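Residue-level structure breakdown
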Amino acid sequence: MKSAEHPTGGLRFGLGYDVHRLVPGRRLVLGGVEIPSDRGLEGHSDADVLLHALADALLGAAALGDIGRHFPNTDERYRGLSSLILLRHVGDLLAHHRYTVINVDSTVVLETPRIAPYVDTMRLNIAGTLKIQTDRVSVKATTGEGMGFTGRGEGAAAYASALLLRR
């Protein structure tokens, strides 16, 4: 059945989630923006929890696996790599499979530092990387209100959703 014949008209929805520990001696990078902090996110790449959740939402919507399948943390090529490069690869993969990104929405859960001053730049980075308009990108932030690993400041989490259209 061709996408145009599909009951949803070729619309595909995906959901992504990622989590990383906060540790001393690492940069804190969210949405491709380095944020001043005494701790950063631990991981194989730059550990950008926001972009990892977005990549998983996009890959999931297209049924193309997950970020670990495409960028395994056992592959030294990805050590310290900017997650904007990973997200660009996901965008190229979607284009190859004839998907258009309709919109993405995300929430970062982080006790400190506050990321509101950086959200507009994050949105620009994501939109530019995915080659979509900025008004199709939403980045929100919340805290754990002192509860759980995010509330205790042990780590950060991100949730993301994506809506795609198959051409």
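Throughout what follows, the structure given in this document is the object of discussion. The model shown is predicted, which means the values in this text are computed figures rather than measured ones.

With that settled, the discussion passes to the overall build of the protein. Counting secondary structure elements, the protein contains 5 helices and 7 strands. Shown N-terminal to C-terminal, the secondary structure of the protein runs as helices and strands in the order β-β-β-β-α-α-α-β-α-β-α-β. With respect to the principal axes defined by its C-alpha atoms, the protein has extents near 50 × 35 × 25 Å. Across the 167 residues in the protein, those meeting the buried criterion constitute 46%. By sequence separation, contacts in the protein at least 24 residues apart represent 70% of the contacts at least 6 residues apart. Summed over all atoms, the accessible surface of the protein reaches about 8,500 Å², with 53% contributed by carbon and sulfur. Side-chain charges in the protein split into 19 positive and 18 negative, and the spacing between the mean points of these groups amounts to 7 Å.

Remark: helix H1 (residues 49–61) packs on helix H3 (residues 83–96), axes separated minimally by 10 Å, with the N-to-C direction vectors making an angle of 10°. For the element pair H1 / H3, the angle class is roughly parallel. Contacts from Leu-51, His-52, Ala-55, Leu-58 and Leu-59 of H1 reach H3 at Ser-83, Leu-84, Leu-86, Leu-87, Val-90, Leu-93 and Leu-94. Of the residues contributing to the contact of H1 with H3, the split by class is 10 nonpolar, 2 polar and no charged.

The next subject is the pairing of strand S7 (residues 155–166). The pairing of strand S1 (residues 11–24) with S7 spans 11 bridges and is classified as antiparallel. Directly across from Gly-14, in S7, lies its bridge partner Ala-162. Bridge count for strand S5 (residues 99–109) against S7 is 10 bridges, and the pairing is antiparallel. For Asn-103, the partnering residue across the bridge sits in S7 and is Leu-163.

Right, let's get into the nonpolar core. Counting residues in hydrophobic clusters, the biggest one holds 47 residues, and the most contacted among them are Leu-30, Leu-58, Leu-94 and Ile-126. Among the secondary structure elements, those contributing two or more residues to this core are strand S2 (28–30), strand S3 (33–35), H1, H3, S5, helix H4 (119–130), strand S6 (137–142) and S7. Looking at which element gives the most residues to this core, the answer is H1, with 10 residues. If sequence neighbours within four positions are ignored, Leu-30 has contacts with Ile-35, Leu-41, Asp-48, Val-49, Leu-50, Val-108, Leu-110, Ile-115 and Met-122.

We now examine unusual backbone geometry. A cis amide bond links Thr-112 with the next residue in sequence, Pro-113, at an omega value of -5°. Structurally, the position occupied by Pro-113 is in the loop between S5 and H4. The phi torsion at Ala-63 lies on the positive side, around 55°, for a residue other than glycine. In this fold, Ala-63 is placed in the loop between H1 and helix H2 (67–70). Despite not being glycine, Lys-131 has its phi angle at roughly 60°, a positive value. Take Lys-131: it is sitting in the loop between H4 and S6. Accessibility expressed as a relative area gives 66% for Lys-131, which makes it exposed.

Turning to the side chain of Asp-18, a few remarks are in order. Note that Asp-18 resides in strand S1. Buried and unpaired, Asp-18 has Arg-26 as its nearest opposite-charge partner, separated by 10 Å. Looking at Asp-18, its side chain comes within polar contact range of the side chain of His-52, at 3.1 Å. Apart from residues lying up to four places away in sequence, Asp-18 is in contact with Val-49, His-52, Ala-53, Ala-156, Ala-157 and Ala-158.

Cut-offs used in this document
- Residues numbered from 1 in each chain as written.
- Predicted model: local features only at pLDDT ≥ 70, side-chain atom pairs only at ≥ 80, totals over all residues.
- Heavy atoms only, no water.
- Helix = DSSP H or I, 4+ residues; strand = E, 2+ residues; numbered from the N terminus.
- Buried < 20%, exposed > 50% of the residue type's maximum accessible area, 1.4 Å probe, protein only.
- Contact = heavy atoms within 4.5 Å.
- Areas by Shrake-Rupley, 256 points an atom, 1.4 Å probe, with all protein chains shown as cover.
- Lys, Arg positive; Asp, Glu negative; His and termini not counted.
- Charge placed at Lys NZ, Arg CZ, Asp CG, Glu CD.
- Axes fitted to C-alpha atoms, helices over the stretch in contact; angles between N-to-C directions.
- Parallel < 35°, antiparallel > 145°, perpendicular 65-115°, else oblique.
- Nonpolar A, V, L, I, M, F, W, Y, C, P; charged D, E, K, R; others polar.
- Pairing = 2+ DSSP bridges.
- Core = buried A, V, L, I, M, F, W, Y, C linked by side-chain atoms within 4.5 Å.
- Salt bridge = Lys/Arg side-chain N within 4 Å of Asp/Glu carboxyl O.
- Polar contact = N/O pair within 3.5 Å; in protein donor to acceptor, adjacent residues only side chain to side chain.

Geometric values such as these leave the question of function open.
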